[in-house]
Amino acid sequence: ETGEALLEVNNIEVIYNHVILVLKGVSLSVAKGGITALLGGNGAGKSTTLKSISNLLRSERGEVTKGSILYKGERIQDLSPADLVERGVVQVMEGRHCFEHLTIEENLLTGAYTRKDGAKATQDDLELVYSYFPRLKERRRSQAGYTSGGEQQMCAIGRAMMARPEMILLDEPSMGLAPQLVEEIFGIVKSLNEDEGVSFLLAEQNTNVALRFAHRGYILESGRVVMDGPAKELRENPDVKEFYLGMS
Ligand code: ATP
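Residues numbered from 1 in each chain as written. Predicted model: local features only at pLDDT ≥ 70, side-chain atom pairs only at ≥ 80, totals over all residues. Heavy atoms only, no water.

Asks: Please give an account of the sheet that holds strand E5 (residues 74-75) that cites residues and values.
Replies: Spatial strand order, E2-E1-E4-E5: 4 strands in an open sheet with antiparallel pairing. The sheet terminates laterally at strand E2 (20-31) and E5, the two strands that pair on one side only. As paired strands, strand E4 (residues 62-71) and E5 are joined by 2 bridges and run antiparallel to one another. Counterpart to Tyr 71 in the pairing with E5 is Glu 74. (Pairing = 2+ DSSP bridges. Helix = DSSP H or I, 4+ residues; strand = E, 2+ residues; numbered from the N terminus.)

See below:
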């Protein structure tokens, strides 16, 4: 992690359907080369924050009505999700966002659609993804819909990697997965961060695992950041222990 901010969210407000105020002034920053965790319970506004950054709100009748979002110092609020992918910002949505009727390999290849550097580079990146996710290599000819939840989550992250991202917005990677698989996936995220230099902003309800792998964390409650700091400090904070780690 470096001190330099890659992404800065300044005091954003988000309204759905013109009336429902969901984010009430959220500010956060993601360090270049870091893993930043966005924590909080159901409905706290984690997904809304990620979708504000990747500009996927509009399709859900949501709108950023205040504040600014800067990537490398430039406003990105008016860029389409596809423009953002070209600039290196890719979101992995919550749930299983693979194409069920395509094979794992075909799914991975769809992640390279915005790239213009040719078939050889795409093939090299496919091998790179397989080196991080050997399970995907084993399953590459399987139809994604018939693979396990963990393999589909890996496929979604692998597909994001095929766009050569600088930053991945990862929504609830642990959802519905057995603890051992959650560890495996977070371990791979950590290697992608350390070895490929990809920065992550990840939304998680699983505070325990997220704070073990992240460098920094923000805790959201009802659309506001109520606490933030280095992951190590949050892990040791008595309120976090009591309310989010169940260790009172
Ligand atoms: P979860 O883990 O359940 O996804 P979250 O912290 O990611 O929780 P959000 O999905 O961002 O929370 O939702 C925050 C609030 O916004 C919730 O109260 C939710 O009901 C509301 N909300 C989300 N999407 C919409 C929408 N399209 N229209 C209206 N309200 C919405």
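Asks: Break down the sheet that holds strand E7 (residues 167-171) for me, with residues and values.
Replies: Spatial strand order, E6-E7-E8-E3-E9-E10: 6 strands in an open sheet with mixed pairing. What marks the edges here is a single partner per strand, and that holds for strand E6 (89-92) and strand E10 (224-230). Strand-to-strand, the axes of this sheet are offset by a mean angle of 15 degrees, without reference to chain direction. (Axes fitted to C-alpha atoms, helices over the stretch in contact; angles between N-to-C directions.)

Asks: I'd like a description of the site of the ligand, backed by residues and values.
Replies: Near the ligand there are 16 residues, and of these Asn 42, Gly 43, Gly 45, Ser 47 and Thr 48 occur at the shortest range. Separating an oxygen atom of the ligand from a backbone N or O atom of Ala 44 is a distance of 3.1 Å. Ser 47 is positioned with one of its backbone polar atoms (N or O) 2.7 Å from an oxygen atom of the ligand. In isolation the ligand exposes 630 Å². Once the protein is present, 68% of that is buried. For the shell around the ligand, the secondary structure elements donating two or more residues are E2 and helix H1 (46-54). If you tally residues by element for the shell around the ligand, the top one is H1, at 3 residues. Of the residues belonging to the shell around the ligand, the class tally is 4 nonpolar, 8 polar and 4 charged. (Near = heavy atom within 4 Å. Polar contact = N/O pair within 3.5 Å; in protein donor to acceptor, adjacent residues only side chain to side chain. Areas by Shrake-Rupley, 256 points an atom, 1.4 Å probe, with all protein chains shown as cover. Nonpolar A, V, L, I, M, F, W, Y, C, P; charged D, E, K, R; others polar.)

Asks: Can you tell me about the environment of Lys 32, naming the residues and giving the values?
Replies: Position of Lys 32 among the secondary structure elements: in the loop between E2 and strand E3 (35-39). C-alpha separation for the pair Lys 32 and Tyr 16, spaced 16 residues apart in sequence, amounts to 30 Å.

Asks: Talk me through helix H4 (residues 118-132); I want residue IDs and the actual numbers.
Replies: Across its 15 residues, H4 extends 22 Å between first and last C-alpha, which sits within 8% of the 21 Å expected from 1.5 Å per residue. Turning to H4, its buried residues number three or more, namely Ala 121, Thr 122, Asp 125, Leu 126, Val 129, Tyr 130 and Tyr 132. Those residues of H4 that are buried lie in contact with helix H3 (104-110), helix H5 (134-138), helix H6 (149-161) and helix H7 (179-196). (Expected span 1.5 Å × (residues − 1). Buried < 20%, exposed > 50% of the residue type's maximum accessible area, 1.4 Å probe, protein only. Contact = heavy atoms within 4.5 Å.)

Asks: Give a detailed account of the packing of H6 against H7, specifying residues and quantitative values.
Replies: The packing of two helices is summarised by the inter-axis angle and the distance between the axes. Running from N to C, H6 and H7 point in directions that differ by 15 degrees, and their axes come no closer than 10 Å. Regarding the angle of H6 to H7, the classification is roughly parallel. Crossing geometry of H6 relative to H7 is assigned as right-handed. Contact residues: Gly 150, Gln 153, Met 154, Ile 157 and Met 161 in H6; Leu 181, Glu 184, Ile 185, Val 189, Leu 192 and Glu 196 in H7. (Parallel < 35°, antiparallel > 145°, perpendicular 65-115°, else oblique. Left-handed = near helix turned anticlockwise from the far one by under 90°.)

Asks: An account of the nonpolar core is requested, with residue identities and associated values reported.
Replies: One finds Phe 133 and Leu 136 to be the most contacted residues of the largest nonpolar core, which totals 49 residues. Considering every element that reaches this core, the biggest residue donor is H7, with 7 residues. When sequence neighbours within four positions are dropped, the list of residues in contact with Leu 136 reads Ile 104, Leu 108, Val 129, Tyr 130, Glu 151, Met 154 and Cys 155. (Core = buried A, V, L, I, M, F, W, Y, C linked by side-chain atoms within 4.5 Å.)

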